[in-house]
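Residue strings, one per chain:
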Amino acid sequence: MGEFKVHRVRFFNYVPPGIRCVAYNNQSNRLAVSRTDGTVEIYNLSANYFQEKFFPGHESRATEALCWAEGQRLFSAGLNGEILEYDLQALNVKYALDAFGGPIWSMTASPSGSQLLVGCEDGSVKLFQITPDNIHFERNFDRQKSRILSLSWHPSATHIAAGSIDYISVFDVKSGSTVRKMIVDRQYMGVSKRKCIVWGVAFLSDGTVISVDSAGKVQFWDSATGTLVKSHLISNADVQSIAVADQEDSFVVGTAEGTIFHFQLVSVTSNSSEKQWVRTKPFQHHTHDVRAVAHSPTALISGGTDTHLVIRPLMEKVEVKNYDAALRKITFPHRCLISCSKKKQLLLFQFAHHLELWRLGSTVATGKNGDTLPLSKNADHLLHLKTKGPENIICSCISPCGSWIAYSTVSRVFLYRLNYEHDNINLKRVSKMPAFLRSALQIMFSEDSKKLFVASNQGSLHIFQLLEGSFKHLHTFQPQSGTVEAMCLLAVSPDGNWLAASGTSAGVHVYNVKHLKLHCTVPAYNFPVTALAIAPITNNLVIAHSDQQPLPNDKTLLYNPLPPTNESDVFRRRTAHAFKISKIYKPLLFMDLLDERTLVAVERPLDDIIAQLPPPIKKKKFGT
């Protein structure tokens, strides 16, 4: 493997946005996640929980509800009063429709997926019909006195339950009228609270309505009579979310204390057919509020303020006790937020609304393997480039020579020329970007910094020649066979002759940059592509997939080309194999070679993220 000097960087002060909603799609085994900045992510649970798609956030789109409908159509709604549908191929917003009810707090699709229901600030419940290309308003239900915070369809689609402040309403879908109103008890630990907020409701096939509320209770109601059947006080704080399994034999709730509770329908006695709901397991995987939960056939899924997406497998549902049965905590996006200028040893950090440019520190000290060397010069923060407008940055890149920075939002691509004068940077924006270059999902510079490659969300790949302070459009590769598949990953060969691009499916296209034509298409694999690179000298294309192919074992004949010298025979045999695993680093957001003997690794310890979040609810311990 050889020895490397490693720059261990921990000054990327990145904090992921908290999780606001999750929505599980049983047909495709995919999970949609929305965050507090409006970002929406799609995870493929069949592909090792890989985050295969994402939609960038927007300052005015605080998402409060997320749901799947009509198979694989994804909708969101939020406090700006709009309903959005997402294009899962082009990776952009198809349209935004005002519901005209003020801020939207809740949304759910009908069991058939053909209708959409939203609950609004003004107390209205609105029904929309889903058409092939859009949605159309159908009618209002009886208006309530306060905002509609939660909604659930009865599986037969004849009735819906709506949670509000201090009460739960049951509506007849055909007439839109209220047929039942259930008043929620304001008692909290023996003390009457001013208001009781019904954060979540679930309507079961037998007519039972399960509610969770701000008084820390899980309650079971008979919707036919409007009476309370059973109540569980499970938390000293709000119970904020609920999700029920498709078989209706299990459900999960999340609390503001960070605890997940699992309820199961079990037989009263071993010989009895009578069943009752029992709280079986509490889990403490979060430090802060659990704002959203989902229930897949094999796992409990949760997310909240602490930014973690937690997938806890149900061991009784997992057939093979292997890696799939392990608890997962996903914190960081599965896309790169960092780019590197190797020649000038610069790092460009991407945040939601600004970019930071840093120069790496240096040392003149020497030492042996494993030593931490003192810096003779600290890292320098050279540039803070803030964007204008409400749109989040999608992607960004700095050229290898350090003289160009490019980034994109949903509506524009920006290109800047940098000139360095000692410790000062002169930044000049390249104006008059072409009209066809509206948005980019991926940006990359050639190794010699003379070309810029841009992947648009319409499936096309643009090549630009970079001149002194300007550019020239050289060519556009159009998407294959009339498809509009967004290209999410790019790789350029060091000699600049080859360009590899991967879309949202498993396919990889290789283009000849010199002759400006498609060279070949790599046969599709069963799992999506997570990373691409083209090796220097050989121009071999290396592709990583989400299934994690296992590393070769000790018996595989893959030997280290640089075996250690002047070491014992035992040590040499142990290090002879070419594949090594190092576990000394905290979560890695980026790693690259600066030269043949120097690595840069950007770490982000989870404790540093938690330290920057608002304090969690204090819990009493040991009777104090």
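Calculation criteria
Residues numbered from 1 in each chain as written. Predicted model: local features only at pLDDT ≥ 70, side-chain atom pairs only at ≥ 80, totals over all residues. Heavy atoms only, no water. Helix = DSSP H or I, 4+ residues; strand = E, 2+ residues; numbered from the N terminus. Rg over C-alpha atoms; globule rule 2.2 N^0.38 Å. Buried < 20%, exposed > 50% of the residue type's maximum accessible area, 1.4 Å probe, protein only. Contact = heavy atoms within 4.5 Å. Areas by Shrake-Rupley, 256 points an atom, 1.4 Å probe, with all protein chains shown as cover. Lys, Arg positive; Asp, Glu negative; His and termini not counted. Charge placed at Lys NZ, Arg CZ, Asp CG, Glu CD. Phe/Tyr/Trp six-rings, centres within 6.5 Å; stacked < 30°, edge-to-face > 60°. Lys NZ or Arg CZ within 6 Å of the ring centre and 35° of its normal. Pairing = 2+ DSSP bridges. Axes fitted to C-alpha atoms, helices over the stretch in contact; angles between N-to-C directions. Core = buried A, V, L, I, M, F, W, Y, C linked by side-chain atoms within 4.5 Å. Salt bridge = Lys/Arg side-chain N within 4 Å of Asp/Glu carboxyl O. Polar contact = N/O pair within 3.5 Å; in protein donor to acceptor, adjacent residues only side chain to side chain.

Visitor: When you look at the overall build of the protein in this model, what are you seeing that I'm missing?
Guide: In terms of regular secondary structure, the protein is built from two helices and 51 strands. Its C-alpha atoms give the protein a radius of gyration of 27 Å, within 12% of the compact-globule value 25 Å for 624 residues. Relative to its 624 residues, the protein shows a buried fraction of 51%. Put simply, 46% of the contacts in the protein that link residues at least 6 apart link residues at least 24 apart. Carbon and sulfur atoms make up 51% of the accessible area of the protein, which totals about 30000 Å². For the protein, the separation between the mean place of its 66 positive charges and that of its 54 negative charges on side chains is 3 Å.

Visitor: Explanation requested: the packing of aromatic side chains in the structure shown.
Guide: Each aromatic ring pair is specified by the distance between its two centres and by the angle formed by the two planes. In the structure shown here, the tally under the stated rule is 18 aromatic pairs. The interplanar angle of 15° and the centroid separation of 4.8 Å between the aromatic rings of Tyr407 and Phe414 together place this pair among those described as stacked. Like Tyr407, the residue Phe414 is buried in the burial classification. In textbook terms, an aromatic cluster arises when at least three aromatic residues are bridged by ring pairs, as seen for Phe11, Phe12, Tyr14, Phe349, Phe351 and Trp358. The residue whose ring lies beneath Lys181 is Tyr167, and the NZ or CZ to ring-centre distance is 4.5 Å.

Visitor: Please clarify how the sheet that holds strand S37 (residues 404-408) should be interpreted in this entry.
Guide: Pairing between the strands of a sheet is mediated by backbone hydrogen bonds and can be parallel or antiparallel. If you walk across this open sheet you meet the four strands as S36-S37-S38-S39, and the pairing is antiparallel. Edge positions in the sheet fall to strand S36 (395-398) and strand S39 (424-429), since each has one partner strand and no second. Across the sheet, the axes of successive neighbouring strands diverge by a mean angle of 20°, strand direction being ignored. In the sheet, S36 pairs with S37 via four bridges, with the strands oriented antiparallel. Following the sheet pairing, Cys397 is matched in S37 by Ala406.

Visitor: Which parts of the structure should I look at to understand the sheet that holds strand S23 (residues 227-233)?
Guide: Taken in spatial order, the four strands make up an open sheet running S20-S21-S22-S23, and their pairing is antiparallel. At either end of the open sheet lies a strand with only one pairing partner, and these are strand S20 (198-203) and S23. Averaged over neighbouring strand pairs, the angle between their axes works out to 20° when direction is ignored. Pairing between S20 and strand S21 (residues 208-213): five bridges, direction antiparallel. In the sheet register, Val198 faces S21, and the bridge partner there is Asp213.

Visitor: Help me understand the nonpolar core in this model?
Guide: General note: in soluble globular proteins, nonpolar side chains tend to be found buried as a group. In terms of nonpolar packing, the biggest core is built from 35 residues, with Leu74, Leu415, Phe445 and Leu452 touching the most fellow members. Excluding its chain neighbours within four sequence positions, the residues that come into contact with Leu452 are Ala406, Leu415, Ile443, Met444, Phe445, His462, Ile463, Phe464 and Leu466. Judged by nonpolar contacts, the second largest core, of 18 residues, contains Phe12, Tyr14, Leu594 and Ile609.

Visitor: I tried to follow the pattern of salt bridges on my own but got confused; where do I start?
Guide: Charged atoms that come close allow side chains of opposite charge to pair. Taken as a whole and judged by the stated rule, the model has 15 salt bridges. Across the pair Arg20 and Glu64 runs a salt bridge, and its minimum N-O distance is 2.7 Å. You can see Arg20 sitting in strand S2 (residues 19-25) and its partner Glu64 sitting in strand S6 (residues 63-69), a full 44 residues away along the chain. Glu64 shares its class with Arg20; the two are buried. We note a salt bridge from Glu121 to Arg147, for which the minimum N-O separation is 3.0 Å. Pair noted here: Glu121 is in the loop between strand S11 (115-120) and strand S12 (125-130) and Arg147 is in the loop between strand S13 (135-140) and strand S14 (150-153), with a separation of 26 residues, a long-range link. Using a relative accessible area of 29% as the deciding quantity, one classes Glu121 as partly exposed. The exposure class of Arg147 is partly exposed, given its relative accessible area of 29%. Shared partners join several salt bridges into a network, and the residues in it are Arg8, Arg10 and Glu603.

Visitor: What exactly am I supposed to notice about unusual backbone geometry here?
Guide: With glycine set apart, most residues show a phi of negative sign, and most peptide bonds adopt trans. The backbone phi angle of Tyr49 is positive, close to 60°, even though this residue is not glycine. As for its position among the elements, Tyr49 is in the loop between strand S4 (40-44) and strand S5 (50-55). You can call Tyr49 buried: its relative accessible area is 11%.

Visitor: It is not clear to me how the side chain of His262 should be interpreted in this structure. Could you clarify?
Guide: With respect to the element layout, His262 can be found in strand S26 (residues 260-267). In this structure the side chain of His262 is engaged in a polar contact, spanning 2.6 Å, whose partner is the side chain of Ser250. Apart from the residues within four sequence positions on either side, His262 is in contact with Ser250, Phe251, Val278, Arg279, Thr280, Lys281, Phe283, His295, Leu300 and Leu314.

Visitor: When you look at the environment of Pro536 in this model, what are you seeing that I'm missing?
Guide: Secondary-structure assignment places Pro536 in the loop between strand S48 (529-534) and strand S49 (541-545). With 291 residues separating them along the chain, Pro536 and Ala245 place their C-alpha atoms 50 Å apart.

Visitor: Any chance you could explain the pairing of strand S22 (residues 217-222) here in plain terms?
Guide: Side chains on a regular strand alternate between the two faces of the sheet. Burial analysis of S22 places five of its six residues in the buried class, the great majority of the element. Where S21 lies against S22, five bridges are found, and the strand directions are antiparallel. Each residue of the ladder has a partner; that of Thr208, found in S22, is Asp222. Between S21 and S22, which pair antiparallel one after the other, the connecting turn spans three residues, and Gly216 there sits at a positive phi close to 80°. Where S22 folds back on S23, the antiparallel hairpin that results is connected by four residues, among which Gly226 adopts a positive phi of roughly 75°.

Visitor: Sorry if this is basic, but what is going on with the pairing of S6 here?
Guide: Counting buried residues along S6, seven of its seven residues qualify, which places the element largely inside the surrounding structure. Of the strand pairs in this sheet, S6 and strand S7 (residues 73-78) are connected by six bridges, and their pairing is antiparallel. Directly across from Ala65, in S7, lies its bridge partner Ala77.

Visitor: Would you mind going over the environment of Ala77 with me for this structure?
Guide: Among the structural elements, Ala77 can be located in strand S7. Sequence-wise, Ala77 and Ala62 are 15 residues apart; in three dimensions their C-alpha atoms are separated by 8.2 Å. Apart from the residues within four sequence positions on either side, Ala77 is in contact with Ala62, Thr63, Glu64, Ala65, Glu82, Ile83, Ile104 and Met107.

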